[in-house]
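Residues per chain are reported as follows:
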Protein chains: 2
Amino acid sequence: MTRRQIPVVERILSANDRIAANNRERLRGHGITTVNIMSSPGAGKTTLLLATIRALGEACKIGVIEGDVASQVDADKIAQAGVPVVQINTGGGCHLEASMVQQALNALPLEEIQLLFIENVGNLICPAGFDLGQDYNVALLSVPEGHDKPYKYPSMFEFVDLVLVTKTDVLPYMDFDLAEFRRLVHGLNPRAPVLPLSARTGEGMEAWLEWLEAAVRR
Amino acid sequence: MTRRQIPVVERILSANDRIAANNRERLRGHGITTVNIMSSPGAGKTTLLLATIRALGEACKIGVIEGDVASQVDADKIAQAGVPVVQINTGGGCHLEASMVQQALNALPLEEIQLLFIENVGNLICPAGFDLGQDYNVALLSVPEGHDKPYKYPSMFEFVDLVLVTKTDVLPYMDFDLAEFRRLVHGLNPRAPVLPLSARTGEGMEAWLEWLEAAVRR
């Protein structure tokens with residue numbers, strides 16, 4: 001690679017960051033707290049959002065941006081829960097970018113939203129590098145994925161404000177060492193709490209809801 | 001995007017394809033069958049390879065290229081099984097490229113290998129687009145990820161020669177509809193067999209081993 005190519009990469013990154021900063025200003029102007037949810041495919045992002053919407057009920061006005069390579073199956077589920085939602089299809093792209101979120105914001109009733117979730121594309125690598133305008137970053141790691149994932153995907157765990165261990169209801173059937181997972185995460189990122197939960201049984205949901213309520217108040 | 005930018009993208013792709021074609025020629029020259037294994041993080045690629053190495057034993061000389069963003073935990077496990085292995089760390093990259101495999105081939109005893117597995121980076125999106133020089137592409141989808149994934153990650157399922165449904169031992173504890181998953185895969189890719197298995201219990205391993213033996217003979 002020649003030296004002349006490097007500034008091009010820098011311009012691409014800063015274009016995303018500029019739009020992300022606009023999104024952040026716009027969201028904060030509406031008093032909205034924005035949480036970017038990231039994980040591997042099938043770790044339970046949508047199931048967690050549905051359980052969170054049910055648990056918070058009227059206590060907090062929620063909006064959701066759904067990111068997927070294709071389809072709107074997740075947005076359909078969120079819409080059925082009675083919450084404003086926009087589906088972004090990246091058409092092959094492996095993560096959301098700030099310009100996609102900017103377009104989604106145009107389609108949401110921002111004046112009716114206090115807490116906006118952005119469900120990123122299912123991918124434990126690429127979403128970590130892209131600012132969207134969010135206030136907080138949350139990674140989900142499901143019990144069936146195994147406790148060794150911070151070794152192999154360190155940038156995601158370094159990057160986030162909170163790590164949720166999902167699907168704890170299947171802990172008895174899986175070889176997952178929660179203490180070892182916590183140790184690996186805190187080796188990369190000492191400040192991120194690690195909260196285990198099961199959206200299916202409700203176990204551990206209180207700690208997540210308390211974290212959210214504190215985030216909305218801040 | 002202007003017209004002048006499009007040829008640049010084409011050149012990048014064809015550089016990878018050119019190296020992939022070299023890899024393929026080199027591997028076939030050694031009589032090696034190469035299988036590219038892809039899935040989400042934690043779907044069980046390494047566990048399947050370890051079970052396959054144990055099951056085939058002396059019947060087939062296996063080699064492995066391990067792809068990860070960071071660490072060599074997977075290569076260490078394969079090396080303990082007594083099989084030649086090379087670890088590629090992409091250093092943030094979300095998929096393997098042909099040039100990485102080319103370097104890995106330089107470090108493997110090709111004359112001692114009949115069946116080479118390339119374990120791609122854990123990612124259900126990006127690896128689908130990159131030829132490495134392999135003969136076959138296999139996708140793993142683990143039961144805990146859910147049967148709806150072909151809707152959201154169609155390019156992976158369109159691309160592969162075989163789909164393995166892994167971790168079937170946890171089917172009783174998960175909401176996974178195997179018939180529906182099969183229907184979705186075959187809607188995208190009618191020619192790919194869908195084989196359910198559990199590397200932990202051994203259930204379904206015979207059909208995978210038969211597929212491999214036929215692939216090596218071809």
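Computed from a predicted structure; not experimentally measured.

1. With respect to the confidence of the model for chain A
Averaged over all residues, the pLDDT of chain A equals 94, while 94% of them reach at least 70. Among the prediction metrics, the complex's ipTM stands at 0.89, with pTM recorded as 0.92.

2. Considering the sheet that holds strand 5 (residues 136-142) of chain A
Residues and elements named next belong to chain A. Taken in spatial order, the 7 strands make up an open sheet running 3-2-4-1-5-6-7, and their pairing is parallel. The two strands at the open ends of the sheet, each matched to only one other strand, are strand 3 (85-89) and strand 7 (194-196). Across the sheet, the mean angle from the axis of one strand to that of its neighbour is 20°, orientation sign disregarded. Two strands pair when backbone bridges link them, and strand 1 (residues 33-38) and strand 5 are joined in this way by 4 bridges, in the parallel orientation. Bridge pairing in strand 5 links Ile 37 to Val 138. Along the sheet, helix 3 (residues 73-80) contacts strand 2 (62-68), strand 3 and strand 4 (115-119); its crossing angle with strand 2, the most-contacted strand, is approximately 165°. Strand contacts of helix 4 (residues 98-106): strand 2, strand 3 and strand 4, with the helix running at about 145° to strand 3, the strand carrying the most contacts.

3. Re the relation of the copies chain B and chain A
Once chain B is rotated about the relating axis by 180° and shifted along it by 0.0 Å, it coincides with chain A to within an RMSD of 0.0 Å. In short, the pair behaves as if placed about a two-fold rotation axis. Take the interface residues of chain B: 100% of them recur as interface residues in chain A, which is what a same-surface contact looks like.

4. Considering the interface of chain B and chain A
Listed by partner, the interface residues are 29 residues for chain B and 29 residues for chain A. For the side of chain B that touches chain A, the elements supplying multiple residues, two or more each, are helix 5 (149-152) and helix 6 (154-159) of chain B. If you tally residues by element for the side of chain B that touches chain A, the top one is helix 5 of chain B, at 3 residues. Class assignment of the residues belonging to the side of chain B that touches chain A gives a composition of 14 nonpolar, 9 polar and 6 charged.

5. Points about the sheet that holds strand 1 (residues 33-38) of chain B
Residues and elements named next belong to chain B. The parallel open sheet is built from 7 strands, whose spatial order is 3-2-4-1-5-6-7. If you trace the sheet from one side to the other, it starts and ends with strand 3 (85-89) and strand 7 (194-196), each paired once. Each strand axis lies, on average, 20° off the axis of its neighbour in the sheet, ignoring direction. Examined bridge by bridge, strand 6 (residues 162-166) and strand 7 share 3 bridges and lie parallel to one another. Paired with Leu 164 across the bridge in strand 7 is Leu 195. Running over the sheet, helix 3 (residues 73-80) touches strand 2 (62-68), strand 3 and strand 4 (115-119) and is turned about 165° from strand 2. Packing of helix 4 (residues 98-106) onto the sheet brings it into contact with strand 2, strand 3 and strand 4, and relative to strand 3 it is tilted by some 145°.

6. Thoughts on the nonpolar core
If you look at the biggest cluster of nonpolar residues, it comprises 116 residues, and the most contacted ones within it are Val 101, Ala 139 and Val 163 of chain A together with Val 101, Ala 139 and Val 163 of chain B. In this view, Val 163 of chain B contacts Ala 139, Leu 141, Phe 157, Val 185, Ala 192 and Val 194 of chain B; residues no more than four positions away in its chain are not counted.

7. Comments concerning helix 3 of chain B
All names here are of chain B. Along helix 3, the residues that are buried comprise Asp 74, Ala 75 and Ile 78. For helix 3, the angular spread of the buried residues around the axis is 95°, confining them to a single face. Of the exposed residues in helix 3, the ones pointing more than 90 degrees away from its buried face are Asp 76 and Gln 80. As for helix 3, its buried residues are in contact with helix 2 (45-56), strand 2, strand 3 and strand 4. Positioned one or two residues after helix 3, Gly 82 has a phi angle of 85°, which is positive.

8. Side note on the environment of Gly 91 of chain A
Residues and elements named next belong to chain A. With respect to the element layout, Gly 91 can be found in the loop between strand 3 and helix 4. Take Gly 91: there are 9 C-beta atoms within 10 Å of it, and that puts it in the exposed class. Taking C-alpha positions, Gly 91 is 24 Å from Ser 155, a pair spaced 64 residues apart along the chain.

9. Comments concerning the pairing of strand 6 of chain B
Residues and elements named next belong to chain B. Among the 5 residues of strand 6, 5 are classified as buried, and the element is accordingly described as predominantly covered. Because side chains alternate across strand 6, one face comprises the buried residues Leu 162, Leu 164 and Thr 166, and the other comprises Val 163 and Val 165, equally buried. Crossover handedness for the path strand 6 to helix 7 (residues 178-188) to strand 7: right-handed.

Reading guide: rules and limits
Residues numbered from 1 in each chain as written. Chains lettered and ligands numbered in written order. Predicted model: local features only at pLDDT ≥ 70, side-chain atom pairs only at ≥ 80, totals over all residues. pLDDT = per-residue confidence, 0-100. Pairing = 2+ DSSP bridges. Helix = DSSP H or I, 4+ residues; strand = E, 2+ residues; numbered from the N terminus. Axes fitted to C-alpha atoms, helices over the stretch in contact; angles between N-to-C directions. Contact = placed C-beta atoms within 7 Å. Least-squares fit on C-alpha atoms with pLDDT ≥ 70 in both. Nonpolar A, V, L, I, M, F, W, Y, C, P; charged D, E, K, R; others polar. Core = buried A, V, L, I, M, F, W, Y, C linked by C-beta atoms within 7 Å. Buried ≥ 20, exposed ≤ 12 C-beta atoms within 10 Å, placed from the backbone. Arc of directions from axis to C-beta. Right-handed = clockwise from strand over helix to strand, strands pointing away.

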